[in-house]
Amino acid sequence: MSISRKALLGAIATATVAGLAFGVAPAASANPAPGTNPVVDLFGSDTTQDVSNGFASVITNGSGQALIASYDATSAGTSVTPGEVSPLVTVPVANGSGQGKTLLTAAINGTSVSLTNGGTTLTSSGALSRDDVEVARSSSAGTWNASGTYAYVPFAVDAVTYVTAPSTSVPNGIPLGTTVGQDTDGDGIRDLTLKNIYGYDPTAASVTLENAANTTFVVGKQGTGAAIVPFKPQAGSGTLSFWQTAIGGAYASRVADTYTDASGSHSVQEHDGSVTAAVPNALVPFSIAQHIAQSKAATLSTNYGVTVADRRHSAVLRNIGSTAPLDVDGNLNASFPVNRVVFNVVENAAITSGSAVYNSNLVNLFVGSSAKVLTAKRPGSTTVSVINDFGFGTIPAAGVTPLDGKTYVAGTAYRSN
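All residue numbers refer to position in the chain's written sequence, counted from 1. Side-chain atom pairs in this predicted model are given and counted only at pLDDT of 80 or more, local residue features only at pLDDT of at least 70, and totals for whole chains, interfaces and linings cover all residues. Only heavy atoms go into the side-chain values, all of them from the structure, while hydrogens and water stay out.

Describing the overall build of the protein
Inclusion rule: Here a helix means four or more residues in a row that DSSP labels H or I, a strand means two or more in a row labelled E, and each is numbered from the N terminus. Only C-alpha atoms enter the radius of gyration; for comparison, a globular chain is expected to reach 2.2 Å times N to the power 0.38, where N is the number of residues. For each residue, the accessible area found with a 1.4 Å probe, counting protein chains only, is set against the maximum for its type, and the residue is called buried under 20%, exposed over 50%, and partly exposed in between. In what follows, residue pairs with any heavy atoms lying within 4.5 Å of each other are defined as contacts.
Helices and strands together make up the secondary structure of the protein, namely eleven helices and 19 strands. For the protein, whose C-alpha radius of gyration is 21 Å, the value lies close to the compact-globule estimate of 22 Å for 417 residues. Dimensions along the principal axes, computed over C-alpha positions, put the protein at roughly 70 × 45 × 45 Å. Sorting the 417 residues of the protein into buried and exposed places 53% on the buried side. Taking contacts inside the protein between residues at least 6 apart in sequence as the whole, the part at least 24 apart equals 67%.

Digging into the side chain of N117
Tracing the backbone shows N117 in strand β7 (residues 114-117). N117 gets classed as buried once you look at its relative accessible area, which sits at 14%. Other than its neighbours up to four places away in sequence, N117 contacts A76, G77, V93, N95 and Q99.

Digging into the nonpolar core
Operational definition: Among the buried residues, those of types Ala, Val, Leu, Ile, Met, Phe, Trp, Tyr and Cys that are joined through side-chain atoms within 4.5 Å form a nonpolar core.
Formed by 111 residues in total, the largest nonpolar core has its most connected members in F55 and I197. Per-element accounting of this core gives the leading share, ten residues, to strand β10 (residues 150-164). Every residue in contact with F55, bar those within four places of it in the chain, is listed here: I68, F155, V373, A376, V386 and I387.

Some points on the packing of aromatic side chains
Filter applied, for reference: Planes of paired rings set the category: under 30 degrees apart is stacked, over 60 is edge-to-face and the rest tilted, where pairs are Phe, Tyr or Trp rings (Trp by its six-membered ring) whose centres lie within 6.5 Å. Two limits define a charge over a ring: the Lys NZ or Arg CZ must be within 6 Å of the ring centre, and within 35 degrees of the ring normal.
Evaluation of the coordinates by the stated rule reveals twelve aromatic pairs. Arranged with centres 4.6 Å apart and planes meeting at 5°, the rings of F43 and Y71 form a pair that is stacked. Note that F43 is positioned in strand β2 (residues 40-44) and Y71 in the loop between β4 (68-70) and β5 (79-80), a separation of 28 residues in sequence. Judged on exposure class, the residue F43 and its partner Y71 are both buried. When the centroid spacing of 6.0 Å and the interplanar angle of 70° are considered together, the rings of Y198 and Y251 count as edge-to-face. Pair noted here: Y198 is in helix α4 (residues 194-199) and Y251 is in the loop between α5 (238-247) and β14 (258-261), with a separation of 53 residues, a long-range link. Stacked on the ring of Y150, the Lys or Arg K101 has its end atom at 4.4 Å from the ring centre. The residue whose ring lies beneath R340 is F242, and the NZ or CZ to ring-centre distance is 5.2 Å.

Looking at the pairing of strand β12 (residues 216-219)
As a reminder of what qualifies: Pairing between strands requires that DSSP locate at least two bridges from one strand to the other.
With burial as the criterion, only one face of β12 is covered, namely that bearing F217 and V219; the residues T216 and V218 on the opposite face remain uncovered. Bridge analysis of strand β11 (residues 207-210) against β12 gives four bridges, and the strand direction is antiparallel. Among the inter-strand pairings, V207 is bridged to a residue of β12, identified as V219. Linking two consecutive strands that pair antiparallel, namely β11 and β12, is a turn of five residues; a positive phi of about 65° is found at N214 within it.

Quick notes on the pairing of β10
Burial analysis of β10 places 15 of its 15 residues in the buried class, which makes it a mostly covered element. By the bridge criterion, nine bridges tie β10 to strand β18 (residues 339-347) in an arrangement that is antiparallel. If you follow A151 over to β18, its bridge partner there is V346. Pairing geometry for β10 and strand β17 (residues 316-317), over two bridges, is antiparallel. Its bridge partner lying in β17, V163 is registered against L317.

Some details on the confidence of the model for the protein
Under the convention used in this document: On a scale of 0 to 100, pLDDT captures the predictor's confidence in every residue.
With 91% of its residues at a pLDDT of 70 or more, the protein has an overall mean of 92. Low pLDDT, under 50, characterises residues 1-29; the stretch is placed with 72 contacts to residues that sit more than four places away or in other chains.

Comments concerning the side chain of S140
The topology assignment puts S140 in the loop between β9 (135-138) and β10. Judged by relative accessible area, which is 13%, S140 ranks as buried. Excluding residues within four positions of it along the chain, S140 makes contact with S97, Y152, G238, S241 and F343.

With respect to the environment of S263
Defined as follows: Polar contacts here mean pairs of N or O atoms no more than 3.5 Å apart (in protein, one a potential hydrogen donor and the other a potential acceptor; neighbouring residues in sequence count only if both atoms are side-chain atoms).
In this fold, S263 is placed in the loop between β14 and β15 (264-267). A polar atom in the side chain of S263 sits 2.7 Å from the side chain of D261. At a separation of 3.0 Å, a polar atom in the side chain of S263 contacts the side chain of H266.

A closer look at the pattern of salt bridges
Counted only if it meets this: The salt bridge criterion pairs a side-chain nitrogen of Lys or Arg with a carboxyl oxygen of Asp or Glu, the two atoms within 4 Å.
For the structure shown, the criterion picks out six salt bridges. For R378, the salt bridge identified is with D389, shortest N-O distance 2.8 Å. Taken together, the positions of R378 in the loop between α10 (372-375) and α11 (386-389) and D389 in helix α11 put the pair eleven residues apart, joining distant regions of the chain. Taken together, the shared-partner salt bridges in this structure form one network comprising K296, R378 and D389.

A look at the environment of A398
Structurally, the position occupied by A398 is in the loop between α11 and β19 (414-416). When its relative accessible area of 69% is taken as the criterion, A398 is described as exposed. Spatially, the C-alpha atom of A398 lies 33 Å from that of D272, the residues being 126 residues apart in sequence. Setting aside its immediate chain neighbours within four residues, A398 contacts T407 and V409.

Now the structure itself:
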């Protein structure tokens, strides 16, 4: 009989926030070495990979053993060995919310899995088990079903705006708009809104839109000389799904998820400003929390011992309409209109007391108002939360109602297929 070392390490009832007594964080690695991994393994969203690494840095058991291993979406195209039960299985790293859930599904069903990233397909070395993948990070909501297999557990608030290069013909303050096809003055030229940029006349290679001053802008593809060149993140991204919800319809064919530069063709990785540096007049959605964390990369490395890659490439956060993405202190603007909650996704049965697969580690880490991820603090501080330090907003006790119109309470499980 093989006994999981995770079960032996999972004394979360005695969990502590590492480093508080000494004001420093232990060294942390997003992708731990095979056979040394903590109790719970997280894969998926690029949006929440860094804050999850922050959690991994400070949440430990009474012996100082890390309880979370979080595998970076930006290391996709590689494989890792997350489990502790022999025989160990090599698992391809997920890039995005969708692939994270694919891994979780394979672990629940006990099947092998293949993931494709950057044109390369990697397959697990065998069937996954619940010991290999316990959590999928997700920056988009599920399709709610009271009897669903999965539980989406919200833990923080994010918001998304568009970014551009510092110098561009794309104006600041483009409004979201009310509907695709909006034409306020009825002159036949549609309004310059994000909904129209991304969704109006979906088969047209280019469209002409006008702002409130009747100045026109051509929206088109890379290489056409268009004043606005819209892009979307890679397939399977939670931000791709969320931004589509925000624009209120399908993406137009002129909206690409790849771009070219002198070195060739590249996928548009979410929360990476490379496309705005390479393509004149490009715009692309970007997590405000990610942009904040990337701007604080050096400080977060000092405080948490984790590496946050600054992938902004000088990309600038823009207002949506008259609303700025940051407040006067440089934090996420709680009033930003294009907002969302972010989730840790688990098997619902695994957090249901009495279930054959009940996992108290998951409950103590993620579920309830006193969940460890909700109460974790910066090393050396009793007031600054990990969530806020990495750019996200906290969910009020009464809950938050983001763009999708559903009210979410932190630590509450919302079931989904």
